[in-house]
Amino acid sequence: MNETPKTNDLVAIEGVSKAYGPLKALDNVSLRLAGGQIIGLLGPNGSGKTTLIKILTGLLTDYQGSVRVLGAPVGPQSKAAISYLPDRNYFPDWMRARDAIALFRDFYADFSDAKAFEMLTRLGLSADQKIKSMSKGMIEKFQLCLVMSRAAKLYVLDEPLAGVDPAARDFILDTVLTNYSESSSILISTHLIADVERIFDSAIFLKNGQIVLHDNIDAIRAEHGKSLDQLFREVFKC
Ligand SMILES: Nc1ncnc2c1ncn2[C@@H]1O[C@H](COP(=O)(O)OP(=O)(O)OP(=O)(O)O)[C@@H](O)[C@H]1O
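Residues numbered from 1 in each chain as written. Predicted model: local features only at pLDDT ≥ 70, side-chain atom pairs only at ≥ 80, totals over all residues. Heavy atoms only, no water.

As recorded in an unreviewed UniProt entry, the protein chain goes by ABC transporter ATP-binding protein and comes from Feifania hominis.

Below you can see the structure in the form of structure tokens.
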């Protein structure tokens, strides 16, 4: 894990630890992510996935270790390069879908409102609906429209499908795949491994704040002779 940083690494995380009081949420994590990859960030509840994502996206700043995105520390430059889907809704009550789209257009230079409206239509959502009146799954779909309408270098999706019905999941994954450039990367944290593993190029298993596996999907399947979902159930059996 202590390789020399490569200049083409999209993300280089070195010896990152984060404690909440006596609890080590992340314990000396080192990790490199290349461009052009869809990476599954997997682990049981409380294993540190959201903590790692918050550090990468600049929401958590009090940690040990070093994080670089495109060679620079986390800051305005990395925030401009990362399009982040948080695991909760952050819109004020009065906002309609089109207001949020206008906000994103003003805020992010790489945002395409044409793309957002097109995706909204594809996902059966109305631009005039108040976000507050949307169901949980509808809000997730809408947030995904916003996040995938940026031309970012890295998309970080924290539990993007948790509230979406199983029939819509494939459709949404296809929407994700058709709306990102192949030179970008997507880091997806999810518990719905069986539904999502078909799009992963590589996977990371986090256990008690440590990385216990990080490999290419084909290598994992070849070495273990099972699907990622099966392997996860075995490694994290309660
Ligand atoms: N603000 C906080 N204060 C104290 N402890 C926290 C805080 N946020 C997270 N933790 C703890 O850190 C550990 C890792 O939490 P984290 O949210 O990163 O896990 P996770 O892998 O995303 O879990 P889940 O799959 O349930 O979303 C957990 O033990 C959690 O209780």
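Asks: Can you help me understand the sheet that holds strand E3 (residues 38-42) in this one?
Replies: To summarise the sheet geometry, strands pair through backbone hydrogen bonds and adopt either a parallel or an antiparallel arrangement. An order of E6-E7-E8-E3-E9-E10 is seen for the 6 strands of this open sheet, with the pairing classed as mixed. With partners counted over all chains shown, the strands left at the sheet margins are strand E6 (82-85) and strand E10 (210-216), one partner each. Going across the sheet, the axis of each strand differs from the next one's by a mean of 15 degrees, ignoring polarity. For E6 and strand E7 (residues 154-158), the ladder comprises 4 bridges, and the chain directions are parallel. By the bridge assignment for E7, leucine 85 is matched with leucine 157. Sheet strands in contact with helix H1 (residues 49-56) are E3, E6, E7, strand E8 (185-189) and strand E9 (202-207), and its direction is about 145 degrees off that of E7. (Pairing = 2+ DSSP bridges. Helix = DSSP H or I, 4+ residues; strand = E, 2+ residues; numbered from the N terminus. Axes fitted to C-alpha atoms, helices over the stretch in contact; angles between N-to-C directions. Contact = heavy atoms within 4.5 Å.)

Asks: What is the right way to read the site of the ligand from this model?
Replies: As a structural note, the neighbourhood of the ligand is formed by Tyr20, Leu23, Ala25, Pro44, Asn45, Gly46, Ser47, Gly48, Lys49, Thr50, Thr51 and His191. Contact distances for the ligand include 2.9 Å between an oxygen atom and a side-chain N or O atom of threonine 50. One of the side-chain nitrogen or oxygen atoms of threonine 51 is found 2.6 Å away from an oxygen atom of the ligand. Coverage of the ligand by the protein amounts to 59% of the 640 Å² it exposes when considered alone. Contributions of two or more residues to the shell around the ligand are made by strand E2 (23-33) and H1. For the shell around the ligand, the leading source of residues is H1, giving 3 residues. In terms of residue class, the shell around the ligand is made up of 4 nonpolar, 7 polar and 1 charged. (Near = heavy atom within 4 Å. Polar contact = N/O pair within 3.5 Å; in protein donor to acceptor, adjacent residues only side chain to side chain. Areas by Shrake-Rupley, 256 points an atom, 1.4 Å probe, with all protein chains shown as cover. Nonpolar A, V, L, I, M, F, W, Y, C, P; charged D, E, K, R; others polar.)

Asks: Could you clarify how one ought to interpret the nonpolar core in this entry?
Replies: The nonpolar side chains of a soluble globular protein tend to be buried with one another. In this structure, Phe142, Met148, Leu157, Ile186, Phe200 and Leu228 are the most contacted members of the largest nonpolar core, which totals 50 residues. Beyond its immediate chain neighbours, meaning those up to four positions away, leucine 157 contacts Leu85, Leu144, Val147, Met148, Ile186, Leu187, Ile188 and Ser189. Formed by 26 residues, the second largest nonpolar core is a distinct cluster that contains Ile39, Leu41, Leu60 and Leu154. (Core = buried A, V, L, I, M, F, W, Y, C linked by side-chain atoms within 4.5 Å. Buried < 20%, exposed > 50% of the residue type's maximum accessible area, 1.4 Å probe, protein only.)

Asks: Quick question: what am I supposed to make of the packing of helix H4 (residues 113-122) against helix H5 (residues 136-148) here?
Replies: At a minimum axis distance of 8 Å, the contact between H4 and H5 shows a crossing angle of 150 degrees. One way to sum up the angle between H4 and H5 is to call them roughly antiparallel. For H4 against H5, the interelement crossing comes out right-handed. The residues of H5 that touch H4, namely those facing Lys115, Met119 and Leu120, are Phe142, Cys145 and Met148. Grouping the amino acids of the contact of H4 with H5 by side-chain chemistry returns 5 nonpolar, no polar and 1 charged. (Parallel < 35°, antiparallel > 145°, perpendicular 65-115°, else oblique. Left-handed = near helix turned anticlockwise from the far one by under 90°.)

Asks: Teacher, can you tell me more about the packing of aromatic side chains here?
Replies: Geometry of an aromatic ring pair is reported as the spacing of the ring centres plus the angle between the planes. One pass over the structure, following the stated rule, counts 7 aromatic pairs. Centroid distance phenylalanine 205 to phenylalanine 236: 5.4 Å. Interplanar angle 50 degrees. Geometry classified as tilted. Residue phenylalanine 205 is located in strand E9, and its partner phenylalanine 236 is located in the segment after helix H9 (228-235); the two are separated by 31 residues in the primary sequence. Each member of the pair phenylalanine 205 and phenylalanine 236 is classed as buried. (Phe/Tyr/Trp six-rings, centres within 6.5 Å; stacked < 30°, edge-to-face > 60°.)

Asks: Sorry, what's going on with the environment of tyrosine 180 here?
Replies: Looking at the element boundaries, tyrosine 180 is found in the loop between helix H6 (166-178) and E8. Linking tyrosine 180 and arginine 32, residues 148 residues apart in sequence, is a C-alpha distance of 20 Å. Each residue touching tyrosine 180, except ones within four places of it in the same chain, is listed here: Ile38, Met148, Tyr155 and Ile186.

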